[in-house]
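Below, each chain spelled out in residue letters.
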Amino acid sequence: MGEDRGSWTGPGGLRVTAVRLTGAHRAWAEFAGVRGATALLVTRDGVPVGRGYYPSVEDLAEVVDLAELRSG
């Protein structure tokens, strides 16, 4: 999750995006209990999935089936 932000899609409008936690992203992530420089933002048709922000792939895997994600 460096300078090149990644983005993955899944079934049913699922989207996972690696984001830098600055500005509004930082505020929303902190509200969701996620702190740090970067996080994974998970949405389905633009609506946050679960708490929306996840600090690691391990945390994300508890909510999303990673095998269903495709680059894009």
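Reading guide: rules and limits
- Each chain carries its own residue numbering, running from 1 in the direction its sequence is written.
- Reporting in this predicted model follows two pLDDT cut-offs: at least 70 for local features of residues, and 80 or more for side-chain atom pairs to be given and counted; totals over whole chains, interfaces and linings ignore these cut-offs and use all residues.
- The side-chain figures draw on all heavy atoms in the structure; neither hydrogens nor water molecules are used.
- A run of H or I in DSSP becomes a helix once it reaches four residues, and a run of E becomes a strand once it reaches two; helices and strands are each numbered from the N terminus.
- Any pair of N or O atoms that falls within 3.5 Å is considered a polar contact. Within protein, one atom must be able to donate a hydrogen and the other to accept it, and sequence-neighbouring residues count only if both atoms are side-chain atoms.
- Relative accessibility under 20% of the residue-type maximum defines a buried residue, over 50% an exposed one, and the middle range a partly exposed one, all with a 1.4 Å probe and only protein chains included.
- Contacts are assigned to residue pairs with any non-hydrogen atoms lying within 4.5 Å of each other.
- A pair of strands is treated as paired once DSSP finds two or more bridges between them.

Caption draft 1: Geometry of the environment of Arg15. Among the structural elements, Arg15 can be located in strand S2 (residues 14-20). Here the alpha-carbon distance between Arg15 and Gly46, two residues 31 residues apart in the chain, equals 8.3 Å. Among the polar contacts listed, one links the side chain of Arg15 to the side chain of Ser7, at a separation of 2.5 Å.

Caption draft 2: Structural detail: the side chain of Thr43. Among the structural elements, Thr43 can be located in strand S3 (residues 38-44). Taking relative accessible area as the criterion, Thr43 reaches 15% and is therefore assigned buried. Residues contacting Thr43, with those up to four places away along its chain left out, are Gly13, Leu14, Arg15, Pro48 and Val49.

Caption draft 3: Quick look at the pairing of strand S4 (residues 47-54). One ladder, built from four bridges, connects S3 with S4; its direction is antiparallel. Within S4, the position partnered with Leu40 by the bridge is Tyr54. Count of turn residues in the S3/S4 antiparallel hairpin: two residues, of which Asp45 carries a positive phi of about 55°.

Caption draft 4: Representation of the sheet that holds S3. Within the open sheet, the five strands sit side by side as S4-S3-S2-S1-S5. Their pairing is antiparallel. The outermost strands of the open sheet, each flanked by one partner alone, are S4 and strand S5 (70-71). Pairing of strand S1 (residues 7-10) with S5 involves two bridges; the strand directions are antiparallel. Among the inter-strand pairings, Trp8 is bridged to a residue of S5, identified as Ser71.

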